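Summary of structural features
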Amino acid sequence: MRRSVLAIVLAAGVLLAPLVSAQTSAGDKSLAQALFNEGKRLMDAKQFAQACPKFADSQKLDPAVGTLLNLAVCFEKNGQTASAWATYEEAAAAAKGAAQPEREKYARDHAAALAASLAKLTIAVPPESAIEGLTVTRDGQAVPRSGWGLAAPVDPGEHVVGASAPKRKAWSTKVQVTDKGAASVTVPELEKLPEEAPPPPPPPPPTATIATPPTATAPPPPPPSPTVLAVEPPKSGGTQRTWGWIATSAGGIAIAASVV
């Protein structure tokens, strides 16, 4: 049953290959061909580091078995053994699907020759480091959890291994892998970030000020009415007191005149 399903999938892949190629626009095809030609020129000049990206971009625009094989050869010449091995394997599968046995054999032979000399890097994640939400990367690409602890083929040279998780301080390190060598990196338990202080509470809403009408001031009381004293008529002896007062006043006037 599994074999029959696999055969159906492979057959579907063969049938879909021309359809995918047919959907490539004429502009993409012409650009892919120009990139392929430039890659060949650079590889003939032994400028492999510049040639490999040309083949890779050409393959993205217009996939072809020949482009894959040239890309694999370029990787091998540039010392990128793991990339060359993986590309040879991909080219062998594509050649088989396109019914190109000679190219398939060429790709498989070269992949087998490289397999024994691949450099490998193991990224170990201990249980105490495998916290929830942990992301492990190698050269900026996420490594799936199933790849933790696996000796994976890598190109010789320097590689950057990193790890991050929510509310934890990110970690990274560099590791040098030699040609045909093996290296291992252990991800430590990530340090917790300091707790952030809670934000201050919002200020209370401003209190509405209600304008109070001015208190009515009572008018000042009216001034008191003048008191009218009743004058009684003079009685007996009143005339004498009156004349006596006049005489006294006259005497005072005379004294004042004499002083002047």
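The structure contained in this document is the topic of the report that follows. Since the structure is predicted, the reported quantities are computational estimates derived from the model, not experimental observations. (Residues numbered from 1 in each chain as written. Predicted model: local features only at pLDDT ≥ 70, side-chain atom pairs only at ≥ 80, totals over all residues. Heavy atoms only, no water.)

Bringing the sheet that holds strand β1 (residues 119-124) into the picture now. The mixed open sheet is built from three strands, whose spatial order is β4-β1-β7. Two strands close off the open sheet at either side, each with one partner strand: β4 (151-154) and β7 (182-186). Ignoring which end each strand starts from, the neighbouring axes of this sheet average 30° apart. The pairing of β1 with β4 spans four bridges and is antiparallel. (Pairing = 2+ DSSP bridges. Helix = DSSP H or I, 4+ residues; strand = E, 2+ residues; numbered from the N terminus. Axes fitted to C-alpha atoms, helices over the stretch in contact; angles between N-to-C directions.)

Relative to the assigned elements, Ala-51 resides in helix α3 (residues 48-61). Distance from Ala-51 to Asn-37, taken between C-alpha atoms, is 9.8 Å for residues 14 residues apart in sequence. The residues touching Ala-51, leaving out its near neighbours within four places in the chain, are Gly-39, Leu-42, Met-43 and Cys-74. (Contact = heavy atoms within 4.5 Å.)

This brings us to the nonpolar core. If you look at the biggest cluster of nonpolar residues, it comprises 23 residues, and the most contacted ones within it are Met-43, Ala-51, Phe-55, Leu-69, Cys-74, Tyr-88 and Ala-107. Counting only elements with at least two residues in this core, the list comes to α2 (26-44), α3, α4 (65-77), α5 (81-97) and α6 (101-115). With eight residues, α4 is the single largest residue contributor to this core. Residues contacting Ala-107, with those up to four places away along its chain left out, are Leu-69, Tyr-88, Ala-91 and Ala-92. Core analysis: the second largest hydrophobic core is formed by 19 residues, Val-154, Val-161, Val-175 and Ala-183 among them. (Core = buried A, V, L, I, M, F, W, Y, C linked by side-chain atoms within 4.5 Å. Buried < 20%, exposed > 50% of the residue type's maximum accessible area, 1.4 Å probe, protein only.)

Moving on to the pattern of salt bridges. Inspection of the entire model under this criterion finds five salt bridges. Arg-41 is the salt-bridge partner of Glu-38, the closest N and O atoms lying 2.6 Å from each other. Of the two residues, Glu-38 and Arg-41 are both situated in helix α2; the distance of three residues between them amounts to about one turn of the helix. Looking at Glu-38, the relative accessible area reads 27%, which means it is partly exposed. Judged by relative accessible area, Arg-41 falls into the partly exposed class, the value being 47%. Its salt-bridge partner being Glu-89, residue Arg-108 comes within 4.0 Å of it at the nearest N-O pair. Of this pair, Arg-108 sits in helix α6 while Glu-89 sits in helix α5, placing them 19 residues apart in sequence. Salt bridges here are not isolated pairs; linked through shared partners, they connect Glu-89, Glu-104 and Arg-108. (Salt bridge = Lys/Arg side-chain N within 4 Å of Asp/Glu carboxyl O.)

Orientation of α4 relative to α5, taken along the N-to-C sense of each, is 160°, at an axis distance of 8 Å. Taken as axis vectors, α4 and α5 run roughly antiparallel relative to one another. Crossing of α4 against α5: the hand is left-handed. Each of Val-65, Leu-68, Leu-69, Leu-71, Ala-72, Val-73, Phe-75 and Glu-76 in α4 lies in contact with α5, whose residues at this interface are Ser-83, Ala-84, Thr-87, Tyr-88, Glu-90, Ala-91, Ala-94 and Ala-95. Class assignment of the residues belonging to the contact of α4 with α5 gives a composition of 12 nonpolar, two polar and two charged. (Parallel < 35°, antiparallel > 145°, perpendicular 65-115°, else oblique. Left-handed = near helix turned anticlockwise from the far one by under 90°. Nonpolar A, V, L, I, M, F, W, Y, C, P; charged D, E, K, R; others polar.)

With 13 residues, α4 extends 19 Å from end C-alpha to end C-alpha; this agrees with the ideal 18 Å at 1.5 Å per step. Turning to α4, its buried residues are Val-65, Gly-66, Thr-67, Leu-68, Leu-69, Asn-70, Leu-71, Ala-72, Val-73, Cys-74 and Phe-75. Buried residues along α4 sit in contact with α2, α3, α5 and α6. Where α4 ends, the next residue or the one after it, Gly-79, has phi of about 85°, a positive value. (Expected span 1.5 Å × (residues − 1).)

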